[in-house]
Amino acid sequence: MDVRENRLFLGGCAAEALAREFGTPLYVYEEEVIRSQCRLLRESFAAVAPELHYAMKANFNPAILLILKEEGLGIDAVSPFELRLCLALGFRPEQILLTGNNTSPEEMAGYLALGVPINIGSLVELERYGRLNPGGRVALRINPDVGAGHHSHVITGGPESKFGIYHTEHEAILATLRRHGLRLVGIHSHIGTGILDTGEMLKAMEITLRAAARFGQLEFIDFGGGFGVPYRPGQQPLPIRQLGAAMAERFAAFCKDYGRPLRMKLEPGRFLVAQSGTLLVRVTNLQATPAHTFVGTDSGFNHLVRPILYGAYHEVLNASRVEGAARAVAVAGNICESGDVFSQGAEGIEDRLLPAPEIGQLLAIRDVGAYGMSLSSQYNLRPRPPEVLVGDGRSRLIRRRETYEGLLRDFPGFGEPDGSG
Ligand SMILES: Cc1ncc(COP(=O)(O)O)c(C=O)c1O
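Residues numbered from 1 in each chain as written. Predicted model: local features only at pLDDT ≥ 70, side-chain atom pairs only at ≥ 80, totals over all residues.

1. Some thoughts on the site of the ligand
Lining the immediate surroundings of the ligand are 18 residues, of which Ala55, Thr193, Gly225, Gly269 and Arg270 lie closest. The class makeup of the residues in the shell around the ligand is six nonpolar, eight polar and four charged. (Near = placed C-beta within 6 Å. Nonpolar A, V, L, I, M, F, W, Y, C, P; charged D, E, K, R; others polar.)

Next comes the structure, spelled out in structure tokens:
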């Protein structure tokens, strides 16, 4: 992002020009931000050269997946369609790790048929896997009893979390492995997302290592994702180089004690793509109440649910006039719910200081590249916005705006699957 003559530019393209060409609301991704985050993560963990599996749930746009493929990443997939997409894009089965949850027998059989490594997260599923694939190789997701994250909904370790086999279930795991002649090749944990504190990551690592030490034939340990990015101006970023060095050192010491080299796997999602994304929205309304001046826009929580779902902070800029006499405003969407406000914080609706927005101006909601479009919906029968990739002053449409026909396609009698109804 840069600012020229007080207007916002993304990847060398004027935000206003992008909005004119593709319409609003519009998701814009800066390619170089994704690539530089990949480089930063690799450099930070260089001492251990981990296998990086991009958590495609963060953003599954095929063009973005291809950038990550070019950067040499594999995939952390969670569902049959995620798997199908990454295979179609040319990721090899061995570059993928399938970590589902509450996986049905049919889904599990489908994953096995495609020859993709599977990471199992419950004893029932391990039993199911053993029956379907006796003598096979398997990895296990452990709940290390530690959780962390930017909101209680995204903490995936500890007693309140549905994910992973509790680290204390050692005997039950061994019995199931033995019963089906399974070979345990990997141990995995993922404690949550949006973590900015190295202490939590290192604590979970210790518990995962303790669990791993009890199994003799491992080939890899996977410490999941969760690497956070700063969303608020002035927020301290995760000291990723420091964390990488500490984890690499600890891992090397562990491998020495374990008696043979192991591969480290990581599953970053947010860290790689969050800061690449900006949602451009048009101001359509100004409305004052005794509490707030609401700036109404042509998008809403159907396009970016993080603020209403988690009270997540996203910075908002006036892309048409980045600097100027500021006014405290709340930035709202066009969805029929009063919580539909982009400017939220932990305490609810927040005012932001914006250079007096006017109707017709363009606002930029920042850091929406992860869990933005991938969590979007068609609520209020509003289409999802298009997505555009920018870099070196050029732009490329990577997802079309949804259409009325597209939205109705799956309703028998109202539309036909080929969109012609
Ligand atoms: C198993 C697993 N791995 C990786 C991730 C990616 O997390 P993040 O985007 O915080 O890196 C998630 C996200 O929920 C996950 O569930």
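2. A short note on the pairing of strand β22 (residues 387–391)
A large share of β22 lies buried, amounting to four of its five residues. Across four bridges, strand β4 (residues 26–30) lies against β22 in parallel orientation. Its bridge partner being in β22, Tyr29 is matched across the sheet by Leu389. The antiparallel hairpin formed by β22 and strand β23 (residues 394–399) contains two residues in its connecting segment, where Asp392 sits at a positive phi of about 50 degrees. (Buried ≥ 20, exposed ≤ 12 C-beta atoms within 10 Å, placed from the backbone. Helix = DSSP H or I, 4+ residues; strand = E, 2+ residues; numbered from the N terminus. Pairing = 2+ DSSP bridges.)

3. Let's talk about the packing of helix α6 (residues 123–132) against helix α7 (residues 170–179)
In the contact formed by α6 and α7, the axes pass within 9 Å of each other and the chain directions differ by 10 degrees. In terms of orientation, α6 and α7 fall into the roughly parallel class. Residue-level contacts link Leu123, Leu126, Glu127 and Gly130 of α6 to Ala172, Thr176 and Arg179 of α7. In the contact of α6 with α7, the residues fall into three nonpolar, two polar and two charged. (Axes fitted to C-alpha atoms, helices over the stretch in contact; angles between N-to-C directions. Parallel < 35°, antiparallel > 145°, perpendicular 65-115°, else oblique. Contact = placed C-beta atoms within 7 Å.)

4. What to know about the domain arrangement of the protein chain
Splitting the protein chain by domain gives domain 1 (2–28 + 274–408) and domain 2 (31–272). On a C-alpha basis, the centres of domain 1 and domain 2 stand 32 Å from each other. With 21 residues of domain 1 at the interface, the matching set in domain 2 holds 19 residues. Counting residues per element, the ones that place at least two in the side of domain 1 that touches domain 2 are β22 and β23. With four residues, β22 is the largest single contributor of residues to the side of domain 1 that touches domain 2. (Domains from an automatic or database assignment.)

5. Points about helix α4 (residues 80–88)
Looking only at α4, the buried set comprises Glu82, Leu83 and Cys86. On an axial view of α4, the arc spanned by its buried residues comes to 100 degrees, and they lie on one face. α4 presents Phe81 and Ala88 as exposed residues on the side facing more than 90 degrees away from its buried surface. Of the residues one or two after α4, Gly90 is the one with positive phi, at around 100 degrees. (Arc of directions from axis to C-beta.)

6. Points about the environment of Lys203
With respect to the helices and strands, the residue Lys203 is situated in helix α8 (residues 198–212). Given 17 C-beta atoms within a 10 Å radius, Lys203 is considered partly exposed. Spatially, the C-alpha atom of Lys203 lies 33 Å from that of Glu32, the residues being 171 residues apart in sequence.

7. What to know about the pairing of strand β11 (residues 183–188)
Relative to β11, strand β9 (residues 137–143) runs parallel, the two being bridged by five bridges. In the sheet register, Arg137 faces β11, and the bridge partner there is Arg183. Examined bridge by bridge, β11 and strand β12 (residues 220–222) share three bridges and lie parallel to one another. Bridging from a neighbouring strand, His188 pairs with Asp222 of β12. Since β11 and β12 lie parallel, the crossover through α8 that links them has a hand, and here it is right-handed. (Right-handed = clockwise from strand over helix to strand, strands pointing away.)

8. Some remarks on the confidence of the model for the protein chain
Across the protein chain, the average pLDDT comes to 94, with 96% of residues at 70 or higher. When pLDDT is averaged over each helix and strand of the protein chain, the minimum, 85, is found for strand β18 (residues 344–345) and the maximum, 99, for β4. (pLDDT = per-residue confidence, 0-100.)

9. Here's the deal with the sheet that holds strand β1 (residues 2–4)
Strand order in the open sheet formed by three strands is β1-β2-β3, and the pairing between neighbours is antiparallel. On the outer flanks of this sheet lie β1 and β3 (13–14), each paired with one strand and no other. Pairing analysis gives three bridges linking β1 to strand β2 (residues 7–10), with the strands arranged antiparallel. Counted as the bridge partner of Asp2 is Phe9 from β2.

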